[in-house]
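Examining the three-dimensional arrangement
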Amino acid sequence: MLERDNNGKKNKRILVTSQYPDAASFPIVGLGASAGGLAACEEFFKALPANSGMAFVVISHLDPTHVSILPELIQRYAKVKVFVAADGMPVQPDSVYVIPINCDLAIVNGRLQVMAQNRPRGCRLPIDTFFCSLAQDQGANAIGIILSGTGSDGTLGVKAIKAEFGMVMVQEPTSAKYDGMPQSAIATQQVDFVLPAAEMPAQLLRYTQHRILPSAKASAAGEEVQEALPKIFYLLRSQTGHDFSLYKKNTICRRIERRMHVLQIDAISEYVRYLQQSKVEIGILFKDLLIGVTNFFRDPAAYDVLKEKYLPALLRDKPQDYTLRVWVPACSSGEEVYSTAILLLECMDELNLHYSIQLFGTDLDEEAINTARAGIYPASIANDVNPQRLARFFYRDGKHYRIKKNVRELVIFAVQNLIKDPPFSRLDLLSCRNLLIYFGPELQQRVLAVFHYSLKPDGLLLLGSSESIGKATDYFLPLDKKLKIFRRRAATEGLYPGGLLPAPPLEVHEMTVQQTAKNFKEPDVLRLVETLLQQIESPPCVIIDSASNIQYIHGRTGKYLEPPVGKASLNLLEMARSGLKGELTVAIRQASGTKKEVKRSGLCIEDEGAQSCFDLTVKPIQEQGSMQGLLVVIFTEAAASSGANPGTKDKAVKRSAKNREVMALERELQYVRESLQTTIEELETSNEELKSANEELQSTNEELQSTNEELGTSKEELQSLNEESVTVNVELQSRIEELSATNDDLKNLLDSTNVATIFLDSELHVRRFTPKATAIIPLTASDVGRPVSHFVAKLKENRLEEHATQVLHDLVPQEVEVEGRDGDFFRLRVLPYRTINNVVDGVVMTFEDISKSKIAEQALQDSEKKYRELFESLRDGCARFDGSGRIVESNRVFQQQLGYNAEELARLNFRDLTPEKWHAKEELAAADDLAQRGYTSLFEKEYIRKDGTVLPVEVQVYVVSDEPSPARWMIVRDISARKALEEKLRKIQPD
């Protein structure tokens, strides 16, 4: 049902604040999708903002044999982070978690729990599994969204979420690629919003934002609600006829509050006005108040203990013709009723007992009762019903399971208000689960008193796991406190609750047909019939049912009846003596049809050669109760003739004087009777043959039914496989588009790099190449797949195959320079070709044109050569040193001046060559040179030669600053001769 926003004026927000989440909690949204769900997810997450404050868990039907790329696909258009769900991972707001392949997902205490998938294809219902755990863990914070998909997965989860006051949204079926899952969820009538996927985020935000209440209004909320509840109860009672005033107030308030969130109404007074104006909303609220979470074999432990321990004790001492009576009030859509019926049938089979069963299922909701009567349930019940029970008690009907006829005929469903309608009585078992938790204490005690009245002594009561008998300990004895199984105490019988005796049993719409013969076999009825017949001194007679089967024989009837030859039978028509069967058949038919007495007089039969005449009377029994529908067949012997009298002779004369015409008519009548008898016997034979043929057809039908169930299972598996295939196909299509775009990018990248590249496989066959490669090796598109050795490269030395083979063998990349025939030079790099799984599957060859580099290198070598010649041709010593004073380079003159070779000088520092007295001066000079940056410094100093002598020199320092690290060049001139001459002159010149 599609909800509409309320456009009325909004008052201040006053609600029951106890149901709002605290500040640390946040909504968790489960998105269930199957076939066609990827497109819906894309629309949903594209419209979702990055700061919604909610967490999202995506549950999809995935192929267990295929690696899913669903997280990567969602991350493309989602504005929040996307994770693959891991075991124990905490759920955080503004995050998306995707179910892993071949796993079920649950949530416990806000942490994801990943479990291995243990069901075969076709029986996997991951959406229901997660939604149910989400409802149990998060309560009102749980939100379920059903997107495109086939089947009915998610239907049970929707019911579970609504039962815990959560919210449910479903994709509009017309906008879904596959509408099976959306339609199944909508059929529950528990859906809050039906919208296209793109519109869901906006509505979701409006709903969650409306749930946040200011804490300051908490104190006033309770009083406002208490004042409004009586008005709401009145509106509900006036339209539906049902009173909810004795229900628990907290439960009612939570339901009302949830409806206000959906309608986005802030004030309780405004909601009351809305109810007054909208009968539709009253109906919706009524349905919300009646929501009952039920499923097959809910709380399996309780059913197991009941079957193994308490039911056998209840059934063992009953007579063979006993009728077992069971009542399941508040049965909702009937799952609990059928579960109980299945349990009873299984228990009787194990004990080899065969009792009649009358099982009553009642509920306040007429639509739920109609669903229960139909006995049709979604395929998701396979989660709760094991395969053996599914095969025995259900059969597949399209996309659903239907309960079998033998189980359905045991159950009678009726609409009943447990509070005011009369109950069923003389019950052996009463199962009322998860109803009392919604009632207030007063109403609970009243209902428990009704249950005590309804049960037989030692009858069993089964309650829900969250319920108890409260103060009614005088009524029931606990048998299992944990599983809530009780036995009725033999308390003093009291009046029916309310002070009145119970009214007659409920008038139900459907009754199971019971054979009259079974009802008649009760001992009390037999004694009553015998007493009546003895009191009236009735002639020989028999009592038969509608099928002419003898139920009771009175008097000596051997003159008229005899056992048939062959199989023993109590059928009156088969036991009738010759000549009587035809009259009996006609009389019984007339009496049954008209309900009036039929009499035949003057009938004759032969008895041991003598003819016996009698009168036949067939009379229907008009009594009510179990005797209704029975017939009494009375045989009255004709009166014997007494002494002779004159009239006798006259009669004899008249009889002997019958004319021939009358005799002929009698013979003709006799012939007709015999022909009719023959026809009747032939008809009976034909009926027997038809009965046999019918039995064979029934056997064939059962075989066909079994085959149909097997085909249904196969169809279910194929359907599941088809859903997974559709999901995989969509993922693969997305991957193909992604790979196509990637290929385009790679092609443009390779073309734009202007690098010749050739890809070879492990057999050195050409896999791919770039257009630039054709300038080196003459390749065309048709050459892909050919060995590279078939081509002649435009190189002086063609060793490509050798390089490739070596790289494949050693897995060590190679880099060599090769020369082309046109004088071009290339840098050849050969690397292993590795797949995404790091598997070597060939080699990659790249040819980098280095011709210009080679030319520049040659020019540099020529320049270096000229520089070296100039450097060595200097008449003075020349050396280069770095900032630390280490000698980097020197010419032969410098080496000769100091007596060292080049290698020895490279290990020395200028401090090692100068006397200590020059160190400070040298440092000052170096600092001065660095400061001037480009100006030369000329000074004299001394160097220590290798042989220890001192060489006076004149040093000129140059600083070259355009290099990355400024270099210092020194021109060293030997001035020892000049110094010696100056010394001589100083000695010659007088002081």
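Throughout, a residue's number is its position along its own chain's written sequence, starting from 1. Owing to the predicted nature of the model, reporting of local features is limited to residues with pLDDT of at least 70; listing and counting of side-chain atom pairs is limited to 80 or more, with chain, interface and lining totals taken over all residues. Values reported for side chains reflect all heavy atoms of the structure, with hydrogen atoms and water molecules removed beforehand.

**Here we look at the pattern of salt bridges**
Salt bridge, as used here, is a side-chain nitrogen of Lys or Arg placed within 4 Å of a carboxyl oxygen of Asp or Glu. Across all of its chains, the model carries 24 salt bridges by this definition. Ionic pairing is found between Lys405 and Glu409, a salt bridge with its closest N-O pair at 3.8 Å. Relative accessible area serves as the criterion here: at 61%, Lys405 is assigned to the exposed category. Remark: exposure states derive from per-residue accessible area (1.4 Å probe, protein chains only) relative to the maximum for the residue type, with buried under 20%, exposed over 50%, and partly exposed in between. By relative accessible area, Glu409 is classed as partly exposed at 41%. Two residues, Glu848 and Arg829, come together in a salt bridge whose shortest N-O distance is 3.0 Å. Here Arg829 lies in strand S28 (residues 825–834) and Glu848 lies in strand S29 (residues 840–849), a separation of 19 residues in the sequence. The helix and strand labels rest on DSSP assignments: H or I over at least four residues marks a helix, E over at least two residues marks a strand, and numbering proceeds from the N terminus.

**Examining the environment of Asp480**
Its place among the elements puts Asp480 in strand S18 (residues 476–480). Take Asp480: its relative accessible area is 18%, and that puts it in the buried class. Between the C-alpha atoms of Asp480 and Ala302, which are 178 residues apart in sequence, the distance is 9.2 Å. Any pair of residues with heavy atoms lying within 4.5 Å of one another is described as a contacting pair. Discounting chain neighbours no more than four positions away, the residues touching Asp480 are Val305, Tyr310 and Ile485. For the purposes of these results, a polar contact is taken to be a pair of N or O atoms within 3.5 Å, where, inside protein, one atom must be able to donate a hydrogen and its partner to accept one; residues adjacent in sequence count only when each atom of the pair is a side-chain atom. One polar contact links the side chain of Asp480 to the main-chain amide nitrogen of Lys482, over a distance of 3.2 Å.

**So, the confidence of the model for the protein**
In the predicted model, the protein carries a mean pLDDT of 77, and the fraction of residues at 70 or more is 81%. Summary of the metric used: pLDDT quantifies the predictor's per-residue confidence within the range 0 to 100. Ignoring residues within four places in sequence, the model shows residues 1–24, a span with pLDDT below 50, making 74 contacts including any to other chains. Ignoring residues within four places in sequence, the model shows residues 652–657, a span with pLDDT below 50, making zero contacts including any to other chains.

**Examining the sheet that holds strand S14 (residues 400–403)**
Paired strands are those between which DSSP finds at least two bridges. A sheet is described by the order of its strands in space; here three strands give the open sequence S12-S14-S13, paired in antiparallel fashion. Whereas interior strands pair on both sides, the edge strands pair on one side only; in this sheet they are strand S12 (376–378) and strand S13 (394–397). Mean inter-strand twist for the sheet, computed between neighbouring axes without regard to direction, equals 35°. As paired strands, S13 and S14 are joined by four bridges and run antiparallel to one another. Within S14, the residue paired with Phe394 across the bridge is Ile403. What counts as an axis is a line fitted to C-alpha atoms, over the stretch in contact for a helix, and the angles between N-to-C directions run from 0 to 180 degrees.

**Observations concerning the sheet that holds strand S19 (residues 485–488)**
Read from one edge to the other, the open sheet built from seven strands follows the order S15-S11-S10-S16-S17-S19-S18, with strand pairing classed as mixed. If you trace the sheet from one side to the other, it starts and ends with strand S15 (411–415) and S18, each paired once. Shown here is a sheet whose adjacent strand axes are inclined to one another by a mean of 20°, direction ignored. The pairing of strand S16 (residues 427–432) with strand S17 (residues 455–463) spans five bridges and is classified as parallel. Within S17, the residue paired with Ser431 across the bridge is Leu462. Of the strands in this sheet, strand S10 (323–328), strand S11 (356–363), S15 and S16 are in contact with helix H12 (residues 335–351), which crosses S11 at around 165°. The sheet contacts of helix H16 (residues 441–454) involve S10, S16, S17, S18 and S19, and relative to S17 the element is tilted by about 135°.

**Concerning unusual backbone geometry**
The phi dihedral of Lys484 is positive, around 60°, even though this residue is not glycine. Take Lys484: it is sitting in the loop between S18 and S19. The residue Ser548 is not glycine, and still its phi comes out positive at about 70°. Within the secondary structure, Ser548 is located in the loop between strand S20 (541–544) and strand S21 (550–554).

**A look at the side chain of Arg396**
Tracing the backbone through its elements, the reader meets Arg396 in strand S13. Residue classification places Arg396 among the buried residues on the basis of a relative accessible area of 14%. Separated by 3.3 Å, the side chain of Arg396 and the backbone oxygen of His400 make a polar contact.

**A short note on helix H20 (residues 581–594)**
The span you would expect from a helix comes to 1.5 Å times its residue count less one. Along its 14 residues, H20 runs 20 Å from first to last C-alpha, staying within 8% of the 20 Å computed at 1.5 Å per residue. Lys581, Gly582, Leu584, Thr585, Ala587, Ile588 and Ala591 are the residues of H20 that are buried. With its phi angle positive at about 60°, Lys595 sits one or two positions after the end of H20.

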